[in-house]
Amino acid sequence: MKILKKIAVLALFALIILQFFGPERNEGDVTDLKPFMEETNMPSSVAATFKVACFDCHSSNTRYPWYSNIEPISYWMADHVEHGKEELNFSEWNTYTAKRKDHKLEEIIEEIEEGHMPIPSYLWTHGDAKLSETQIKEIETWVKEARGFLSVELEKGQ
């Protein structure tokens, strides 16, 4: 029994020490989303949905909840954000080629329709990010229009 107490005390001590360290936070300039929103002619209703359901993990502008200051939760969140930005970073939209932009827009619909986005672990604490059928239809309509704009660029060979 003494060994279990020692292990528990060591684990508690490690957790306390860990609170003084944490990963870098993903807090960039909100205006870096403007090129993406303007180029794709994003309606305000879709922008509101993306702000709640997408931008935290897929941009340089994460809104951190209070529990993100608790270690090791912050590391877990940082890993999710890093992975999300590797897949698609709306803040870096201008660096993508027209072909890549078109592909990313196509993937948005696929991921949403297949129920992969937003990820379930995000929805556990962000219930407002769960997409309704109406929101999904709005996003589908917007993506089709945005891909139409991009097809002109693709035809030009950009």
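Residues numbered from 1 in each chain as written. Predicted model: local features only at pLDDT ≥ 70, side-chain atom pairs only at ≥ 80, totals over all residues. Heavy atoms only, no water.

1. Points about the environment of S151
Here comes step 1: Tracing the backbone through its elements, the reader meets S151 in helix α7 (residues 133-156).
Here comes step 2: Taking the relative accessible area as the measure of exposure, S151 reaches 29% and is therefore partly exposed.
Here comes step 3: Sequence separation of S151 and D102 is 49 residues, and the distance between their C-alpha atoms is 7.8 Å. (Helix = DSSP H or I, 4+ residues; strand = E, 2+ residues; numbered from the N terminus. Buried < 20%, exposed > 50% of the residue type's maximum accessible area, 1.4 Å probe, protein only.)

2. Some thoughts on the nonpolar core
Considering soluble globular proteins, one finds that nonpolar side chains tend to be buried as a cluster.
Here comes step 1: Among the nonpolar cores identified, the biggest contains 28 residues, and F36, F50, F90, L105, I108, I139 and W142 are the most heavily contacted of them.
Here comes step 2: Of all the secondary structure elements, the ones that give two or more residues to this core are α3 (44-53), α5 (98-113) and α7.
Here comes step 3: The element best represented in this core is α7, accounting for six residues.
Here comes step 4: With sequence-adjacent residues up to four places away left out, I139 is seen in contact with V46, T49, F50, I108, I109, I112 and L131. (Core = buried A, V, L, I, M, F, W, Y, C linked by side-chain atoms within 4.5 Å. Contact = heavy atoms within 4.5 Å.)

3. Focus on helix α4 (residues 73-87)
An α-helical turn contains 3.6 residues, so a residue and the one three or four places further along point in the same direction.
Here comes step 1: With 15 residues, α4 extends 22 Å between its outermost C-alpha atoms, agreeing within 8% with the 21 Å of an ideal straight helix rising 1.5 Å per residue.
Here comes step 2: Looking only at α4, the buried set comprises S74, M77, V81 and G84. Projected down its long axis, α4 carries its buried residues within an arc of 90 degrees, all on one side. (Expected span 1.5 Å × (residues − 1). Arc of directions from axis to C-beta.)

4. A short note on the packing of aromatic side chains
Here comes step 1: Under the definition given, this model contains eight aromatic pairs.
Here comes step 2: Between F50 and F55 the ring centres are 5.9 Å apart and the planes differ by 65 degrees, which places this aromatic pair in the edge-to-face class.
Here comes step 3: With a relative accessible area of 5%, F55 lands in the buried category.
Here comes step 4: Through a chain of ring-to-ring contacts, three or more aromatic side chains come together here, namely F36, F50, F55, F90, W93, Y96 and W142.
Here comes step 5: In this structure, R100 is placed above the aromatic ring of Y96, and the distance from its NZ or CZ to the ring centre is 4.0 Å. (Phe/Tyr/Trp six-rings, centres within 6.5 Å; stacked < 30°, edge-to-face > 60°. Lys NZ or Arg CZ within 6 Å of the ring centre and 35° of its normal.)

By themselves, these observations are geometric and do not establish any function.
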